[in-house]
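Architecture at a glance
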Amino acid sequence: MMAEPVKLIGCFSSPVVHRAEVTLRLKGVPYELITEDLNNKNELLLRHNPVHQKVPVLLHGDRPAICESLVIVEYVDEAFQGPLLMPADPLARAAARF
């Protein structure tokens, strides 16, 4: 079975995009970075994040888009195989989020 494509809409200058990229790399998830010009937002970003129109946005196959870097981190950590990036203990996980 072929893996569903993973795409990340982002830009090079954003630390929150880097957070999502590092997570994908640590989990070993192949992905395509779609570079966004924040001064001239393209239709793909506007369609997948119409309310906030911000990056990063994760596209995973035909699933709904996932926006906001911390939400992307949690999704990638839980949806893909590999070592867990967040602690299993709820208190430790809360501290890691902070």
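Report follows, based on the coordinates. (Residues numbered from 1 in each chain as written. Predicted model: local features only at pLDDT ≥ 70, side-chain atom pairs only at ≥ 80, totals over all residues. Heavy atoms only, no water.)

**Considerations on the overall build of the protein**
Assigned secondary structure in the protein consists of four helices and four strands. Along the protein, helices and strands appear, N-terminal first, in the series β-α-β-α-β-β-α-α. In terms of C-alpha radius of gyration, the protein reaches 14 Å, essentially the compact-globule figure of 13 Å for 98 residues. If one aligns the C-alpha atoms of the protein with their principal axes, the spans along those axes are about 40 × 35 × 20 Å. Burial analysis of the protein (98 residues in total) assigns 34% to the buried set. In the protein, 50% of the contacts between residues at least 6 apart in sequence involve partners at least 24 apart. Summing over all exposed atoms, the protein offers an accessible surface of approximately 6400 Å²; the carbon and sulfur share of this is 59%. Positive and negative charge centroids in the protein, built from 10 and 12 side chains respectively, lie 2 Å apart. (Helix = DSSP H or I, 4+ residues; strand = E, 2+ residues; numbered from the N terminus. Rg over C-alpha atoms; globule rule 2.2 N^0.38 Å. Buried < 20%, exposed > 50% of the residue type's maximum accessible area, 1.4 Å probe, protein only. Contact = heavy atoms within 4.5 Å. Areas by Shrake-Rupley, 256 points an atom, 1.4 Å probe, with all protein chains shown as cover. Lys, Arg positive; Asp, Glu negative; His and termini not counted. Charge placed at Lys NZ, Arg CZ, Asp CG, Glu CD.)

**Observations concerning the nonpolar core**
In terms of nonpolar packing, the biggest core is built from 20 residues, with Leu8, Ile9, Leu24, Leu58 and Ile72 touching the most fellow members. The set of elements that each furnish at least two residues to this core consists of strand 1 (6-10), helix 1 (15-26), helix 2 (43-48), strand 3 (57-60), strand 4 (66-67) and helix 3 (69-79). In this structure Ile9 touches Ile34, Glu36, Leu44, Leu45, Val55, Pro56, Val57 and Leu59, once residues within four positions along its chain are discounted. (Core = buried A, V, L, I, M, F, W, Y, C linked by side-chain atoms within 4.5 Å.)

**Structural notes on the environment of Leu26**
Position of Leu26 relative to the elements: it lies in helix 1. Overall, Leu26 belongs to the exposed group, its relative accessible area being 54%. Note: C-alpha distance between Leu26 and Leu84 (58 residues apart in sequence) is 9.5 Å.

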